[in-house]
Amino acid sequence: MTLLKMKFNQQRRVRLAQGLWLMSWLAVTGGAFIFCLGVYLKTELLRRDEVMENAEIHVVPNILMMVGLASMGTNWVASRVCQDSLDVSRFPRWKVPLLAWFAMAALLCCLLLTVVVLSYALQGSLEDSLKVGLRNGIRFYKDTDVPGRCFQKETIDRLQMEFRCCGNNNFKDWFEVQWVSSRYLDFTSQEVKDRIRSNVDGRYLLDGVPFSCCNPASPRPCLQNHLTDSRAHYNYEYQSEELNLYSRGCRQALTDYYMGLMNSTGPGVLSVIMIQMSVLLSMRYLQTAVEAAIASENPEGESEGYLLDKGVKETYQDVRAKVLGLLKFGQVDPSEDASGAAEGAKTADTEKAATPTPAS
Amino acid sequence: MAVMKMKFPFQKRVKLAQGLWLLSWCATVAGATTFTLGCLLKTELHRRAEVMDNTDIHIVPNTLMIVGLASLGINYFASKICQDALDAGRFPRWKNFLKPYFAISCFFTVLMLLTVIMSYAMTGSLESSLKVGLRNGIRFYKDTDTPGRCFQKQNIDRLQMEFQCCGNNDFRDWFEVQWISNRYLDFSSKEVKDRIKSNVDGRFLVDGVPFSCCNPSSPRPCIQYQLTNNSAHYNYDYQTEELNIYLRGCREALVNYYMGLMNTIGAGVLSVFLLQVHTVLTAIHLRFLQTAMEAVAGNENTEIETEGYLLEKGVKETIMEYLDPVLKFLLLKNQVQEGETAPVTA
């Protein structure tokens, strides 16, 4: 029993071919859109490369770019098939390539779905990568004279200003690190000596933050130093002060930003998947209808188109046997098994070939 | 005496009409581009409206938008004429519209050129507008509790961070203004009392700048306060310190930004202007076509060779022909007055 049979007369076949041609060009545009999306996402991830420790999240834009390019090529082929579909002499040469085309189109749909799932699944990995990257950035903030780390200060400052965040989890991360370089510390001063003696590692720790944590929306000029000391500043209460600095941590800010980016591309990717699926189904109908028409005595008459020759289960078993047969061809088995398997594969082949019409 | 008489075989007429049609569609697109560029410039000027004192500079984007829209309409009209140009039955209805079309399209083409010149001429006006606007912004920086001025602090801070500048001319502008609100000053402290007594107006002046002047490229953590005091900071020399805060003034930064924007837009508008001139010249060719068609009208065989000319009469007479209606309209009142005073003087 064939799956989803439909009757096609010549008029309907022509319309189907035209509609499919249009849709495949739409799908080419969709593929180009996916590629551009991938490039954009990759660029955005590369811009903040210095605060990410590993590049696992890059698999999402990489797949998007590959799928975009492949989809453009595949759908261009589909449009060529459409152009040849109504020409009895030219259509048969597409018989074998179409099998490969179906496999490719199905693979592309699966990959696109995978990308959507991955973009959610990799959030944890992104957060961890940012956690380590930001921690290093904050630790090496003061090392503006060390080659390889001299831009950490500028990177972290610009990051905090652009994303309106402070520190890794929050601004208190700055209290645990020496972010003022020893080159600018007067070691003869009592205050500096006290601070250095106050901790085991001999670091100059202070309850202050860099200027890039300052919030411009605050009504008062920014307070950067002695943040925990309510008496150090007039009319200042450490616990209730909210607007002075950015309260959000940079890890949170960056994760939100990238998740928002990937979420907003979700609907676009889903609609491209829809388009690709409809191209695939229409192509199958066109293939079966045109092949049936070519095989019958009257090529201009009515023919039947279907999605699957047999039911889903039988088709699956057929394909499985065929693939196993193909695999067995490669094996160096005892000759009887090999010939038996070849025969089995051949019969499966001819069975499959019997119902779709043989190429004339 | 006709100016520039030429012979026109049918094939040439067809080619001319087709070329004109294509050109006028290109010019329509160019007109749309000009309109978009005008909108862009207007948006950018509007974004920084709080630091500009007057809106004189807005005449540049306004004119660009008007010219863009007008050019869109005119060139669309020209393409419509071209479509009818080779149809002897339909062409005559456009005859009355051709003269106004020439006049209007010449006017707007010249206006386009004037806009580009204006954008350079108005640099001075933009600078003085920014000077006053920024001075006010810096003065009202501390007034975050005064309605109407409460966003000045945020605006100036974001402006300085985005354009990487400090103060009006340079960072010393902050030394002359009290930018710390009295609400956050402890008037019982000796330091505050000293500073307030040190000047006539009783303002709390510091040799410090807000945090938004800090330069992230500096290798050392930002020094904001006591900038002129070398002994206040370790390993610090006021005269040679370059990277600590932004040295550029915000007025200069903003003027450079807008001049760069207008230069880029000006280049685009100039190419649109050249395209428009080309279209007007081909519209003059259209006049050739018109005269050729007029010769054909009344002839049964439309595919013959015809003669065309640029101007029916000489240049001077044609100009007078165009200007007469305009002058009559403007001088109408004078004519009435002349009539009234004539009997008196006579």
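The name an unreviewed UniProt entry assigns to chain B is Retinal outer segment membrane protein 1a, from the organism Nothobranchius furzeri. What UniProt states about chain B under its Sequence similarities (unreviewed entry) heading is, verbatim, "Belongs to the PRPH2/ROM1 family." For chain B, the Subcellular location (unreviewed entry) comment in UniProt is given as "Membrane".

Under an unreviewed UniProt entry, chain A has the name Retinal outer segment membrane protein 1 and belongs to Nothobranchius furzeri. In its Subcellular location (unreviewed entry) section, UniProt records this for chain A: "Membrane". Check the Sequence similarities (unreviewed entry) section of the UniProt entry for chain A; it says "Belongs to the PRPH2/ROM1 family."

A. Local environment of the overall build of chain B. Counting secondary structure elements, chain B contains eight helices and two strands. Listed N to C, the secondary structure of chain B is β-α-α-α-α-α-α-α-β-α in terms of helices and strands. Taken over 346 residues, chain B has a buried fraction of 45%. Relative to all contacts within chain B whose residues are 6 or more apart in sequence, the contacts with residues 24 or more apart total 73%.

B. Looking closely at the pattern of salt bridges. Enumeration according to the criterion identifies 28 salt bridges over all chains in this entry. For the salt bridge of Asp-170 of chain B with Arg-172 of chain B, the shortest nitrogen-to-oxygen distance reads 3.4 Å. Relative accessible area serves as the criterion here: at 19%, Asp-170 of chain B is assigned to the buried category. Connected via shared salt-bridge partners are Glu-44, Arg-47, Arg-48 and Glu-162 of chain A.

C. A look at the state of the cysteines. All names here are of chain B. A complete count under the given rule lists six disulfides over all chains for this structure. Each sulfur in the disulfide pair Cys-165 and Cys-250 lies 2.0 Å from the other. Judged by the sign of its S-S torsion, about 85°, the cystine formed by Cys-165 and Cys-250 is right-handed. With Cys-165 in the loop between helix H5 (152-163) and helix H6 (190-197) and Cys-250 in helix H7 (residues 250-296), this residue pair connects regions lying 85 residues apart in the sequence. Residue classification places Cys-165 among the buried residues on the basis of a relative accessible area of 0%. According to the relative accessible area criterion, Cys-250 is buried, its value standing at 1%. Disulfide pairing places Cys-166 opposite Cys-213 at an S-S distance of 1.9 Å. For the disulfide bridge between Cys-166 and Cys-213, the dihedral angle about the S-S bond is near 80°, and by the sign convention the bridge is right-handed.

D. Summary view of the UniProt feature "transmembrane region" (unreviewed entry) in chain B. Residues and elements named next belong to chain B. Taking the numbering used here, the UniProt-annotated feature "transmembrane region" (unreviewed entry) corresponds to residues 59-79 and 100-122. Structurally, residues 59-79 is divided into 100% helix and 0% strand, and its ends, taken at the C-alpha atoms, are 30 Å apart. Within residues 100-122, the helical portion is 96% and the strand portion 0%, while the C-alpha atoms at the span's ends are 32 Å from each other.

E. Structural detail: the UniProt feature "transmembrane region" (unreviewed entry) in chain A. All names here are of chain A. Within this structure's numbering, the places UniProt gives as "transmembrane region" (unreviewed entry) are residues 20-40, 60-78 and 98-122. Between the end C-alpha atoms of residues 20-40 the distance is 30 Å, and the span holds 100% helix and 0% strand. Helix makes up 100% of residues 60-78 and strand 0%, and the two end C-alpha atoms of the span are 26 Å apart.

F. View of the packing of aromatic side chains. The final tally for this structure, using the stated rule, is 21 aromatic pairs over all chains. Aromatic side chains Phe-171 of chain A and Phe-175 of chain A sit 5.9 Å apart centroid to centroid with 70° between the ring planes, which places their arrangement in the edge-to-face category. By relative accessible area, Phe-171 of chain A is classed as buried at 18%. By relative accessible area, which is 16% here, Phe-175 of chain A ends up buried. Summarising the aromatic geometry, the rings of Trp-179 of chain B and Tyr-225 of chain B are spaced 6.2 Å apart at their centres and angled 15° between planes, so their arrangement reads as stacked.

G. The arrangement of the packing of helix H1 (residues 10-47) of chain A against helix H7 (residues 250-295) of chain A in detail. Residues and elements named next belong to chain A. At a minimum axis distance of 9 Å, the contact between H1 and H7 shows a crossing angle of 155°. Judged by the inter-axis angle, H1 sits roughly antiparallel to H7. Note that H1 runs across H7; the crossing there is left-handed.

H. Broad picture of the nonpolar core. One finds Leu-112, Trp-174, Val-209 and Val-269 of chain A together with Trp-174 and Val-209 of chain B to be the most contacted residues of the largest nonpolar core, which totals 123 residues. Among the elements that make up this core, the one with the highest residue count is H7 of chain B (13 residues). Counting residues in hydrophobic clusters, the runner-up holds 23 residues, among them Leu-20, Phe-102, Ala-289 and Ile-294 of chain A.

Basis of the calculations
- Residues numbered from 1 in each chain as written.
- Chains lettered and ligands numbered in written order.
- Predicted model: local features only at pLDDT ≥ 70, side-chain atom pairs only at ≥ 80, totals over all residues.
- Heavy atoms only, no water.
- UniProt positions renumbered as here; feature names shortened; annotations may be inferred.
- Helix = DSSP H or I, 4+ residues; strand = E, 2+ residues; numbered from the N terminus.
- Buried < 20%, exposed > 50% of the residue type's maximum accessible area, 1.4 Å probe, protein only.
- Contact = heavy atoms within 4.5 Å.
- Salt bridge = Lys/Arg side-chain N within 4 Å of Asp/Glu carboxyl O.
- Disulfide = S-S within 2.5 Å.
- Phe/Tyr/Trp six-rings, centres within 6.5 Å; stacked < 30°, edge-to-face > 60°.
- Axes fitted to C-alpha atoms, helices over the stretch in contact; angles between N-to-C directions.
- Parallel < 35°, antiparallel > 145°, perpendicular 65-115°, else oblique.
- Left-handed = near helix turned anticlockwise from the far one by under 90°.
- Core = buried A, V, L, I, M, F, W, Y, C linked by side-chain atoms within 4.5 Å.

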